[in-house]
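Each chain is listed here by its residues.
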Amino acid sequence: MEGNEGWRYKAHIDIVSESNSMNRSSNDSGISCCNSRTRLLQNGMESGEPMESEAYHRPWRSFFSSYRLRDVFTWHLLKVIAMGQALSMLICGTAVTCQYLAYREVNTPMLQSFLNYALLFLTYTITLAFRKGDENILQILKAKWWKYLFLGLADVEANYTVVMAYQFTTLTSIQLLDCFVIPVLMVLSWIFLKTRYKVVHYVAVGVCLLGVGAMVGADLLSGRDQGSTRSVLLGDGLVLLSAALYALSNVCQEYTVKNLSSIEFLGMVGLFGTLFSGIQLAVLEHKAIAMIKWDWAVVLLFTVYGLCMFALYSLMPMVIKLTSATAVNLSLLTADLFSLFCGIYLFHYSFSGLYIVSFVVITAGFVIFNAVPTLTPVPASGPSEGEPESPSVEEDAVSHGAKLDVPSENDEQEGGSGSKCTEMQWSQSEQTVCTIEKSTRM
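All values reported here derive from a predicted model rather than from experimental measurement.

**Topic: the overall build of the chain**
Move 1: Helix and strand content of the chain: 18 helices and six strands.
Move 2: A total of 442 residues make up the chain; the buried ones form 42% of that total.
Move 3: By sequence separation, contacts in the chain at least 24 residues apart represent 81% of the contacts at least 6 residues apart.
Move 4: Taken as a whole, the chain presents about 24300 Å² of accessible surface, with 62% of it coming from carbon and sulfur.

**Let's talk about helix α16 (residues 353-371)**
Move 1: Relative to the 27 Å expected for 19 residues at 1.5 Å per residue, α16 spans 27 Å between its end C-alpha atoms, a close match to the ideal helical length.
Move 2: Those residues of α16 that fall on the buried side of the exposure criterion are Tyr-355, Ser-358, Ile-362, Gly-365, Phe-366, Val-367, Phe-369 and Asn-370.

**Concerning the packing of helix α6 (residues 137-165) against helix α11 (residues 262-284)**
Move 1: The interhelical angle for the contact between α6 and α11, taken along N-to-C directions, is 50 degrees, at an axis separation of 7 Å. By the angle between their axes, α6 is oblique relative to α11. Both α6 and α11 take part in a crossing whose hand is right-handed.
Move 2: Residues that form the contact of α6 with α11 fall into these classes: 17 nonpolar, four polar and four charged.

**Observations regarding the confidence of the model for the chain**
Move 1: Of the residues in the chain, 66% have a pLDDT of 70 or more, and the chain-wide mean is 74.
Move 2: Predicted confidence is poor over residues 1-65, with pLDDT under 50, and the contacts of this stretch with residues over four places away or in other chains come to 91 contacts.
Move 3: Counting contacts from residues 377-442, a segment whose pLDDT is below 50, to residues more than four positions away or on other chains yields 100 contacts.

**Quick word on the packing of aromatic side chains**
Move 1: As enumerated under the stated definition, the model contains seven aromatic pairs in all.
Move 2: Plain terms: the ring middles of Tyr-197 and Phe-369 are 6.3 Å apart, the flat faces sit at 45 degrees to each other, and that makes the pair tilted. Here Phe-369 lies in helix α16 and Tyr-197 lies in the loop between α8 (181-192) and α9 (199-221), a separation of 172 residues in the sequence.
Move 3: By relative accessible area, which is 11% here, Tyr-197 ends up buried.

**Quick look at the side chain of Gln-85**
Move 1: Looking at the element boundaries, Gln-85 is found in helix α4 (residues 75-103).
Move 2: Looking at Gln-85, the relative accessible area reads 12%, which means it is buried.
Move 3: Among residues more than four places away in sequence, those in contact with Gln-85 are Ser-331, Thr-334, Phe-338 and Phe-359.

**Some thoughts on unusual backbone geometry**
Move 1: One non-glycine residue, Glu-105, adopts positive backbone phi at about 60 degrees.
Move 2: Positionally, Glu-105 belongs in the loop between α4 and α5 (109-129).
Move 3: Taking relative accessible area as the criterion, Glu-105 reaches 76% and is therefore assigned exposed.
Move 4: A positive phi angle is found at Lys-194, which is not glycine, with a value near 60 degrees.

**A short note on the packing of α6 against helix α10 (residues 232-259)**
Move 1: Remark: α6 packs on α10, axes separated minimally by 8 Å, with the N-to-C direction vectors making an angle of 145 degrees. Between α6 and α10 lies a crossing of left-handed hand. Together, Tyr-148, Leu-151, Ala-154, Asp-155, Glu-157, Ala-158, Asn-159, Thr-161, Val-162, Met-164 and Ala-165 of α6 and Gly-235, Leu-238, Val-239, Leu-241, Ser-242, Leu-245, Tyr-246, Leu-248, Ser-249, Cys-252 and Thr-256 of α10 make up the contact between the two elements.
Move 2: Of the residues contributing to the contact of α6 with α10, the split by class is 14 nonpolar, six polar and two charged.

**A word on the environment of Trp-145**
Move 1: Looking at the element boundaries, Trp-145 is found in helix α6.
Move 2: Classification of Trp-145 by relative accessible area gives partly exposed; the value is 46%.
Move 3: For the pair formed by Trp-145 and Met-268, sequence separation is 123 residues and the distance between their alpha carbons is 8.7 Å.
Move 4: In this structure Trp-145 touches Ile-140 and Phe-272, once residues within four positions along its chain are discounted.

**Concerning the environment of Leu-266**
Move 1: Residue position: Leu-266 is located in helix α11.
Move 2: Separated by 141 residues in the primary sequence, Leu-266 and Thr-125 have C-alpha atoms spaced 7.4 Å apart.
Move 3: Apart from residues lying up to four places away in sequence, Leu-266 is in contact with Leu-120, Tyr-124, Tyr-313, Ser-314 and Pro-317.

**Brief notes about the nonpolar core**
Move 1: Core analysis: the biggest nonpolar cluster contains 79 residues, and Leu-120, Leu-330 and Leu-333 have the highest contact counts within it.
Move 2: Of the residues forming this core, the biggest block, twelve residues, is contributed by helix α13 (residues 296-322).

**Here's the deal with the side chain of Ser-113**
Move 1: Tracing the backbone shows Ser-113 in helix α5.
Move 2: Overall, the relative accessible area of 9% leaves Ser-113 in the buried class.

**Notes on the pattern of salt bridges**
Close approach of charged atoms lets side chains of opposite charge pair.
Move 1: A complete count under the given rule lists four salt bridges for this structure.
Move 2: In this structure, Glu-264 engages Lys-144 in a salt bridge whose closest nitrogen and oxygen atoms are separated by 2.8 Å. With Glu-264 in helix α11 and Lys-144 in helix α6, the pair connects residues that are 120 residues apart, well separated along the chain.
Move 3: The partner of Lys-258 in a salt bridge is Glu-254, and the shortest N-O contact between them spans 3.2 Å. With a gap of four residues between them, Lys-258 and Glu-254 both fall in helix α10, about one helical turn apart.
Move 4: Looking at Lys-258, the relative accessible area reads 38%, which means it is partly exposed.
Move 5: Overall, Glu-254 belongs to the buried group, its relative accessible area being 7%.

Rules used in this analysis
Within each chain, residues carry numbers counting from 1 in the order of the written sequence. The predicted origin of the model limits local features to residues at a pLDDT of at least 70 and limits the giving and counting of side-chain atom pairs to 80 or more, whereas totals for whole chains, interfaces and linings rest on all residues. Side-chain measures were taken over the full set of non-hydrogen atoms in the model, leaving aside hydrogen atoms and water. Starting at the N terminus, helices and strands are each numbered in turn, a helix being any DSSP run of H or I of at least four residues and a strand any DSSP run of E of at least two. Burial classes follow relative accessibility: with a 1.4 Å probe on protein chains only, a residue under 20% of its type's maximum area counts as buried, one over 50% as exposed, and anything between as partly exposed. Any two residues having at least one pair of non-hydrogen atoms within 4.5 Å are treated as being in contact. Residue exposure ignores everything except the shown protein chains as possible cover, and the areas themselves are Shrake-Rupley values with a 1.4 Å probe. What a helix should span is 1.5 Å times the count of its residues minus one. Only the stretch in contact is used when a helix axis is fitted, and all axes are lines through C-alpha atoms; the angle between N-to-C directions ranges over 0 to 180 degrees. Any angle that falls under 35 degrees is termed roughly parallel, while one over 145 is termed roughly antiparallel, one within 65 to 115 roughly perpendicular, and all others oblique. Handedness of a helix crossing follows the sense of rotation of the near helix relative to the far helix, less than a right angle counterclockwise being left-handed and clockwise being right-handed. Charged means Asp, Glu, Lys or Arg here, nonpolar means Ala, Val, Leu, Ile, Met, Phe, Trp, Tyr, Cys or Pro, and polar covers whatever is left, Gly included. pLDDT runs from 0 to 100 and stands for how confident the predictor is about each residue. Ring pairs are drawn from Phe, Tyr and Trp, using the six-membered ring of Trp, whenever the two centres fall within 6.5 Å, and their geometry is named by plane angle: stacked under 30 degrees, edge-to-face over 60, tilted for the rest. Residue types Ala, Val, Leu, Ile, Met, Phe, Trp, Tyr and Cys, when buried and joined through side-chain atoms within 4.5 Å, form a set referred to as a nonpolar core. Here, a salt bridge means any Lys or Arg side-chain nitrogen found within 4 Å of an Asp or Glu carboxyl oxygen.

Shown next, in the form of structure tokens:
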């Protein structure tokens, strides 16, 4: 069989004896191998003459057949997309309420964050207080208090620094640099969570970033490059710091919700977040709070903001548990687009067709990223007893070689005791030639 495409497998088999192979019965365990030898011998091959066998596969055909639309758009992926866009809408709700508060000359980001952490404390931290055993809040603090202390501090400062950045740099810079959270998150996941990404995942991230570029271009064309230029370098540095802190918080969140408990994560963030945001609130914003002109509209805006943030924090662990922190942050890239769509009707922003293009491109990148699962390599010691083997073990077997035991001709004579067999080894590389060697099974 000749051809120029596909994977080729060649095997040179040294036939030692051919007399017994002609008389194998159909019930023999090695009948398939025997039949192949018989057909070759009938074609006039001499004993000891090497036999060459070639198999061809069409990788592109198998690729497209294995990735049909109904296989990609599973119910799991559709649920992840819907929940991810729900998170983006919640962020849109916080952005709209912040804009209305800014119109009323209310600038209290720590007060708004404090409301969210206080709700988390009242809901999840108190829940931990009523649990028993190792899940009780006292046991958790006794074992891991310093870890959650740094986690709470990172989460609070991530929210605060990105708000502070608006005082020093432009909206365009913040939108672009805020995407820095994704590469940082992927690096941290690689190091600490041992997540292994494929080429398609990097391509998907690139597609999402192209969508962000289209969104920023639409902002420039519509004249929405708002913000301050008082100290652009400082503002950009604050955005990068915020992105790094968000990435650290998300990695810790993914590890906790997948290995421990979502309630534990939210309860600890509520506890230490309330502590740190309360201290910063008392130190930095006590004068700004005193200047607020309280009325029912301001109270309603604070309430809506706090509920949106509380729902965002409560829902995010569920989505991360279904996918990963990186996938969730890719879905959150559409949050700015939802805010822009709302701003067109609420704040009379100008519309650009690039916004639609950006939304489609970001969503396509998110689908591509989730269509192929990431890999987590098995430890060197292998899976523990009773645990199913990881899929990565199979891939490792294919990439490094696999062995196929083929019964030899002396199996029947020796009655299966100390029988000899033939081992065939191959690797998935183009035009790989492997020699079948004889070995004795112990």
